[in-house]
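Now for the letters of each chain:
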Amino acid sequence: MSDDDFLRVTDVSKWYGEEQVLHDVSFEMDRGDVTVLIGPSGSGKSTMLRCVNRLAEAQEGSILLDGEEVLSPDLDVDELRREVGMVFQGFNLFAHLTAVGNVALGPRRVLGLSETEARERAEDQLERVGLADQLDSYPAELSGGQQQRVGIARALAMEPKLMLFDEPTSALDPELIGEVLEVMHGLVDEGMTMLVVTHEMSFARAVADEIVFLDDGRVVERGPPEQLFERPEEERTGRFLERIASHD
Ligand SMILES: Nc1ncnc2c1ncn2[C@@H]1O[C@H](COP(=O)(O)OP(=O)(O)O)[C@@H](O)[C@H]1O
Ligand SMILES: [Mg+2]
C-alpha cells in the first residue's frame, strides 16, 4: 500500500439490517489500474461497487478516492457521482430519447453544457464506443450490445476519473457480449481506471491488474490474474473458478 493509491478501500463493512454483507473488505488501485471483482452470487460484489459511489452506505471503514474520504458525511455525493461513472447490467436508457439524446442528457443537465456542446460531446463518446452510425437511433432500434455501448458512452460523457462496471454483459445474448468487452478493452488501453464485476474470466485475465475474489462478503484472496487463476492459494477460490469454468 502506498500513500498515493488512487482508490484505497480499507476494512469496509456493511450491514443490511441484521445481515452483514461486507466484512472488512480492503483493496487498492493506482490510477489506470483495472481491478476485477469476482465471486458467487450474493457475495457482495454489487454492494461493494455501490459503496464506492454511495448508492449504498458502508457503515464502517474507509474509501479514499484521490485522497478524499468517500464515506465522509460532508462529501458532496452529486460531485462524487459525476466523477465516478457506473455501467449496470440493465441499460436503463430513456426509450423516448435517441442514443445522442441519452448520452447528452448528463452533460446538458448536470454539467450545464450548451445544447450544441452536449450534442458534440455525445457524438464523440458514441463514436468512441463504435456507434457513430447509430447517433439518432432509439433504444428499441438497437441491439442489447449496442444499448449497453450507449450506456458506456453515457457514463464516459461525464468524463469520470473512475468507471464502475457491474456485470455489464450478463444480460446480453452470448453473440453480443464480445462487442461490449471490446469497447471495455479499448478503455483499458486508453488508461481508464476501472473497477469491474464480471464473470467473463478470459476478459478478466486479459485486462486485470488485480483480481479480488469475494465470498460471503469477505475478500478470500486477491492477486494478479496469473496467480489467482493458475495458483490460487485458497481452496474456495479454486472451487469457484472450477464452477465458473464448467459453465463456459
Ligand atoms: N438493498 C438490499 N437490501 C437488503 N439486502 C440486500 C440489498 N442488496 C443486496 N442485499 C444482500 O446483500 C448480499 C450481497 O448482495 P450483492 O452485493 O448484490 O451480491 P452480488 O453482487 O455478489 O451478487 C446478498 O445477501 C443480498 O441479498
Ligand atoms: Mg451483483
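What counts and what doesn't
Residues numbered from 1 in each chain as written. Chains lettered and ligands numbered in written order. Predicted model: local features only at pLDDT ≥ 70, side-chain atom pairs only at ≥ 80, totals over all residues. Heavy atoms only, no water. UniProt positions renumbered as here; feature names shortened; annotations may be inferred. Helix = DSSP H or I, 4+ residues; strand = E, 2+ residues; numbered from the N terminus. Phe/Tyr/Trp six-rings, centres within 6.5 Å; stacked < 30°, edge-to-face > 60°. Buried < 20%, exposed > 50% of the residue type's maximum accessible area, 1.4 Å probe, protein only. Lys NZ or Arg CZ within 6 Å of the ring centre and 35° of its normal. Axes fitted to C-alpha atoms, helices over the stretch in contact; angles between N-to-C directions. Parallel < 35°, antiparallel > 145°, perpendicular 65-115°, else oblique. Left-handed = near helix turned anticlockwise from the far one by under 90°. Contact = heavy atoms within 4.5 Å. Nonpolar A, V, L, I, M, F, W, Y, C, P; charged D, E, K, R; others polar. Near = heavy atom within 4 Å. Polar contact = N/O pair within 3.5 Å; in protein donor to acceptor, adjacent residues only side chain to side chain. Areas by Shrake-Rupley, 256 points an atom, 1.4 Å probe, with all protein chains shown as cover. Pairing = 2+ DSSP bridges.

An unreviewed UniProt entry annotates the chain as ABC transporter of Halorubrum kocurii JCM 14978. Checking UniProt for the chain, the heading Sequence similarities (unreviewed entry) contains the comment "Belongs to the ABC transporter superfamily." The Subcellular location (unreviewed entry) field of the UniProt record for the chain holds the comment "Cell membrane".

A.B. asks: Let's hear about the UniProt feature "domain: ABC transporter" (unreviewed entry) in the chain: which residues, and what values?
C.D. replies: Cross-referencing UniProt, the feature "domain: ABC transporter" (unreviewed entry) maps to residues 7–241 in the present numbering. Between the C-alpha atoms that bound residues 7–241 there is a distance of 26 Å. The span itself is 38% helix and 25% strand.

A.B. asks: Quick one: what's the story with the packing of aromatic side chains, residue by residue and with numbers?
C.D. replies: Applying the stated rule across the entire model yields one aromatic pair. Measuring from centroid to centroid gives 5.1 Å for Phe213 and Phe240, while their planes differ by 25°, and the two rings are stacked. Of this pair, Phe213 sits in strand S9 (residues 210–215) while Phe240 sits in helix H9 (residues 235–245), and the two are 27 residues apart along the sequence. The burial state of Phe213 is the same as that of Phe240; both residues are buried. In this structure, Lys14 packs its charged tip against the face of Tyr16, placed 4.4 Å from the ring centre.

A.B. asks: I'd like to hear about the packing of helix H4 (residues 115–128) against helix H5 (residues 144–156), residue by residue, with values.
C.D. replies: Following both chains from N to C, one finds H4 and H5 inclined at 130°, their axes separated by 9 Å at the closest point. Taken together, the axes of H4 and H5 lie oblique to each other. The handedness of the crossing between H4 and H5 is right-handed. Together, Gln125, Leu126 and Arg128 of H4 and Val150, Ala153 and Leu156 of H5 make up the contact between the two elements. Broken down by class, the residue content of the contact of H4 with H5 amounts to four nonpolar, one polar and one charged.

A.B. asks: Quick one: what's the story with the site of ligand 1, residue by residue and with numbers?
C.D. replies: By nearness alone, every residue bordering ligand 1 is listed as Tyr16, Glu19, Val21, Pro40, Ser41, Gly42, Ser43, Gly44, Lys45, Ser46 and Thr47. Separating an oxygen atom of ligand 1 from a side-chain N or O atom of Ser46 is a distance of 2.9 Å. The side chain of Thr47 places a nitrogen or oxygen atom 2.5 Å from an oxygen atom of ligand 1. When ligand 1 sits alone it has 560 Å² of accessible area, and the protein chains cover 60% of it. A per-element tally of the shell around ligand 1 places helix H1 (residues 45–52) first, with three residues. Here the shell around ligand 1 is composed, by residue class, of three nonpolar, six polar and two charged.

A.B. asks: An account of H1 is requested, with residue identities and associated values reported.
C.D. replies: For an α-helix the count is 3.6 residues per turn, leaving residues at separations of three or four pointing the same way. Counting buried residues in H1 gives six out of eight residues, a clear majority hidden from the surface. Considered for burial, the residues of H1 that qualify are Lys45, Thr47, Met48, Leu49, Cys51 and Val52. Backbone geometry just after H1 places Arg54 at a positive phi near 65°.

A.B. asks: With reference to specific residues and values, describe the sheet that holds strand S4 (residues 60–65).
C.D. replies: Taken together, four strands build an open sheet; the order of strands is S2-S1-S4-S5 and the sheet is antiparallel. The open sheet is flanked by strand S2 (19–29) and strand S5 (68–69), the only strands paired with a single partner. In the sheet, S4 pairs with S5 via two bridges, with the strands oriented antiparallel. If you follow Leu65 over to S5, its bridge partner there is Glu68.

A.B. asks: I'd like a rundown of the pairing of strand S3 (residues 34–38), residues and numbers included.
C.D. replies: By the criterion of burial, S3 is predominantly enclosed, with five of the five residues buried. Residues of S3 alternate between two faces, with Val34, Val36 and Ile38 on one and Thr35 and Leu37 on the opposite face, all of them buried. In this structure, S3 lies alongside S9, joined through four bridges in parallel fashion. Counterpart to Val36 in the pairing with S9 is Ile211.

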